[in-house]
Amino acid sequence: MKGISVIGLGKLGACSAACFAAKGFNVLGVDINKDFVNAINNGNASVFEPRLQEMIDKAESRLTATRSYEDAIDESDVTFLIVPTPSKENGHFSNKYMLNALELLAEALKKSTKAYHLFVITSTVSPTATDELLIPLIERLSGRKLNDGFGVCYNPEFIALGSVITNFLNPDMVLIGESSKEAGSMLESIYHKVCENSPYIARMSIISGEITKISLNSYVTMKISYANTLANICEKIPGADIDSISGALGADKRISPYYLKGGLGYGGPCFPRDNRAFAAFAAEHGVDAKLAKTTDEINLFQVDHLIDLVMSHVNGRQDISVSILGAAYKPDTPVVEESPAIAIISELIKKNIKVNVYDPIAAENVRAIFRECVSFSSTVRECLETSSICIVAIPSDEFKTIDESYFMHAETTVIDCWRILDKSRLGNKIKYIAIGRFTNEYCYAGI
Ligand SMILES: NC(=O)c1ccc[n+]([C@@H]2O[C@H](COP(=O)([O-])OP(=O)(O)OC[C@H]3O[C@@H](n4cnc5c(N)ncnc54)[C@H](O)[C@@H]3O)[C@@H](O)[C@H]2O)c1
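Here the residue index of a chain counts from 1 through its sequence in written order. Local features in this predicted model are restricted to residues of pLDDT 70 or higher, and side-chain atom pairs are both shown and tallied only at a pLDDT of 80 or more, whereas totals for entire chains, interfaces and linings draw on every residue. Each side-chain value is derived from all of the structure's non-hydrogen atoms; neither hydrogens nor water enter the calculation.

Colleague: Would you mind going over the site of the ligand with me for this structure?
Modeller: Residues are labelled near a given molecule or strand when at least one of their non-hydrogen atoms is within 4 Å of it. The local shell around the ligand holds 27 residues, among which Leu12, Asp31, Tyr69, Thr85 and Arg273 are the closest. Here Leu12 contributes a backbone N or O atom positioned 2.8 Å from an oxygen atom of the ligand. Whenever two N or O atoms come within 3.5 Å, that pair is a polar contact, provided that in protein one can donate a hydrogen and the other can accept it, and provided that, for residues adjacent in sequence, both atoms are side-chain atoms. Between the ligand and Asp31, the relevant distance is 2.6 Å, taken from an oxygen atom to a side-chain nitrogen or oxygen of the residue. Surface burial for the ligand is 90%, taken as the share of its 830 Å² of free accessible area covered by protein chains. Grouping the amino acids of the shell around the ligand by side-chain chemistry returns 15 nonpolar, 7 polar and 5 charged. Values of accessible area rely on a 1.4 Å probe in the Shrake-Rupley scheme; residue burial ignores everything except the protein chains shown. Residue classes follow a fixed rule: Ala, Val, Leu, Ile, Met, Phe, Trp, Tyr, Cys and Pro count as nonpolar, while Asp, Glu, Lys and Arg count as charged, and any other residue, Gly among them, counts as polar.

Colleague: Teacher, can you tell me more about the domain arrangement of the protein here?
Modeller: Accessible area lost upon the coming together of the parts serves often as the stated size of an interface. Looking at the protein, the domain boundaries give domain 1 (4-198) and domain 2 (238-447). By the convention used here, residues are in contact when the closest approach between their heavy atoms is within 4.5 Å. Domain 1 puts 15 residues into the contact, and the matching count from domain 2 is 15 residues. The term buried area refers to how much accessible surface (probe radius 1.4 Å) is lost by two components on association, counted for both of them together. The largest share of the area that domain 1 buries against domain 2 comes from Phe48, His92 and Leu161, three residues that together contribute 40% of it. A pair is scored as a salt bridge if a Lys or Arg side-chain nitrogen falls within 4 Å of a carboxyl oxygen belonging to Asp or Glu. Taken together, domain 1 and domain 2 are joined by 0 salt bridges. Between domain 1 and domain 2 we count 3 residue pairs in polar contact (both at pLDDT 80 or more) in total. Class assignment of the residues belonging to the side of domain 1 that touches domain 2 gives a composition of 7 nonpolar, 7 polar and 1 charged. Note that the domain bounds were set by an automatic or database domain assignment.

Colleague: Which parts of the structure should I look at to understand the nonpolar core?
Modeller: Nonpolar side chains in soluble globular proteins generally cluster together in the buried interior. Residue types Ala, Val, Leu, Ile, Met, Phe, Trp, Tyr and Cys, when buried and joined through side-chain atoms within 4.5 Å, form a set referred to as a nonpolar core. When accessible area is computed with a 1.4 Å probe and restricted to protein chains, residues below 20% of their type maximum are described as buried, those above 50% as exposed, and intermediate ones as partly exposed. Counting 54 residues, the largest nonpolar core has Ile324, Leu325, Ile345, Phe399 and Ile402 as its most contacted members. Runs of E in the DSSP output that reach at least two residues are strands. Runs of H or I that reach at least four are helices, and both are numbered from the N terminus. Per element, the largest residue contribution to this core is 6 residues, and it comes from helix H12 (residues 290-314). The residues contacting Ile345, other than those within four sequence positions of it, are Ile324, Ala327, Val355, Val357, Val366, Phe370 and Val374.

Colleague: Would you mind going over the sheet that holds strand E9 (residues 321-325) with me for this structure?
Modeller: For sheets, the rule is that strands pair by backbone hydrogen bonds, running either parallel or antiparallel. Strand order across the open sheet formed by 6 strands is E11-E10-E9-E12-E13-E14, with parallel pairing between neighbours. Sheet topology places strand E11 (375-376) and strand E14 (431-434) at the edges, where each strand pairs with a single neighbour. When DSSP finds two or more bridges between two strands, those strands count as paired. With 4 bridges connecting them, E9 and strand E12 (residues 389-392) associate as parallel partners. Looking at E12, one finds that Ile324 is bridged to Ile391.

Colleague: Where do I start with the environment of Leu161 in this structure?
Modeller: Tracing the sequence through the fold places Leu161 in the loop between strand E6 (150-154) and helix H7 (164-169). As for Leu161 and Phe48, which are separated by 113 residues in sequence, their C-alpha atoms are 9.6 Å apart. If sequence neighbours within four positions are ignored, Leu161 has contacts with Lys11, Glu49, Pro269, Tyr329, Lys330, Thr333 and Val335.

Colleague: It is not clear to me how the side chain of Ser16 should be interpreted in this structure. Could you clarify?
Modeller: Residue placement: Ser16 occurs in helix H1 (residues 13-22). Since its relative accessible area comes to 2%, Ser16 is described here as buried. When sequence neighbours within four positions are dropped, the list of residues in contact with Ser16 reads Ile82 and Phe168.

Colleague: Help me understand the packing of aromatic side chains in this model?
Modeller: The relative placement of two aromatic rings is captured by the distance of their centres and the angle of their planes. Paired rings are identified among Phe, Tyr and Trp, the last through its six-membered ring, by centres lying within 6.5 Å, and are further divided according to the angle between planes into stacked (under 30 degrees), edge-to-face (over 60) and tilted (the rest). Taken as a whole and judged by the stated rule, the model has 9 aromatic pairs. Summarising the aromatic geometry, the rings of Phe20 and Tyr191 are spaced 6.5 Å apart at their centres and angled 70° between planes, so their arrangement reads as edge-to-face. With Phe20 in helix H1 and Tyr191 in helix H8 (residues 181-194), this residue pair connects regions lying 171 residues apart in the sequence. Given a relative accessible area of 0%, Phe20 falls into the buried group. We classify Tyr191 as buried; its relative accessible area is 2%.

Colleague: How should the pattern of salt bridges be read in this particular structure?
Modeller: When the charged atoms of two side chains with opposite charge come close together, those side chains can pair. In this structure the tally under the stated criterion is 21 salt bridges. Salt-bridge contacts for Lys181 lead to Glu178; the nearest nitrogen and oxygen are separated by 3.4 Å. Residue class for Lys181 comes out exposed when judged on its relative accessible area of 59%. Judged by its relative accessible area of 11%, Glu178 is buried. One connected set of salt bridges, linked through shared partners, spans Asp241, Asp243, Lys261, Arg419 and Arg437.

Below, the structure written as structure tokens:
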């Protein structure tokens, strides 16, 4: 095989391109953002993601980038499209960027003398988009017929920001929706060279692949919202503990332990919108996806629930400040899209409460949203010194070291959304509240 081209060198595309190249393929990346193209050509990561630089270094001269779609067609046999597909008001995904890229690629293919090219749609698209919109566009502009002059696969990734590289190289499952057996086999052979484990390869029609992608994420969000409801119940009942319960539930093979923790809601660029897209797709076909809609409602409620808790501790006091430890939607990523912490900060600001944030990776993105409405600390200690209420919003390992010595305010209330702090090290004066556990008057850390 000649090589691989990757259109879109953002959070997922850069990692995919670097992994393909690190595993021995010649890879040409294409992006409309010239800074990203330059970064890759200079051997640097175009976005922040743990281990991305390591993969780029391993790729050596096999990874290059361009802004030319002709080069992408000429220098590769397989093109992965990993461009944004933002959500629309109605819950469906916009195909705007995908259509722009495919238009130029199909025109380049028309000029090419090669016999066959494989297009792999990796971006999340609404079910039916590939068959009804993307393939007809390629046929029209390239003058070729599907499965004759070109093939198409739908091949979304199930990765989490912060662990994209590890997830990409060790997937539970590789999902391939294929326009023909040949197209699917060509793609599968790439994954056999790239994966460090032996994942389940799920090959199916393109429409089944599109439905699988959003239903998988919708199911995971349902699990999270279920665990969060359980956590809410535990908070009301003396002796009940979400971790004991979810640990036992997760030991049952029918359930599994993942995404069953109970804490703040889910966020990020995929889960909320994929779940809403699932409900929108179902509605379009006359099915009321009640579970998906309730999952979303529960997720939004978790923010209100936390705000009620914070306000009960503000208790009418003026001039109170709240410190937020972690503002991204999860640890190890600068991404703040649909982050529960961002929703919490926003609500606190509306209530005229001062907010101080510590998140070394996401600070710039938080500043871009709130500007001078929030203040920032460069260390956990500094952040805690500014406030008498502290919310641990993401389960970062760094926060596990917090002890008594971090607190200046004698009567600090700590709300630990993920139960990662060691209560016994916080001293007697800290009021420790763990989401998912019963809290009473006697919740001072030393008691
Ligand atoms: N990031 C994730 O965690 C994740 C996980 C699973 C699926 N996805 C899906 O992958 C797709 C990409 O997501 P992302 O997070 O990498 O987005 P991103 O915004 O980080 O990156 C997209 C890149 O595409 C480039 N681009 C836009 N239009 C282009 C065009 N016409 N030609 C070339 N480049 C173009 C942008 O400049 C940008 O660099 C989305 O559909 C998303 O839903 C993302």
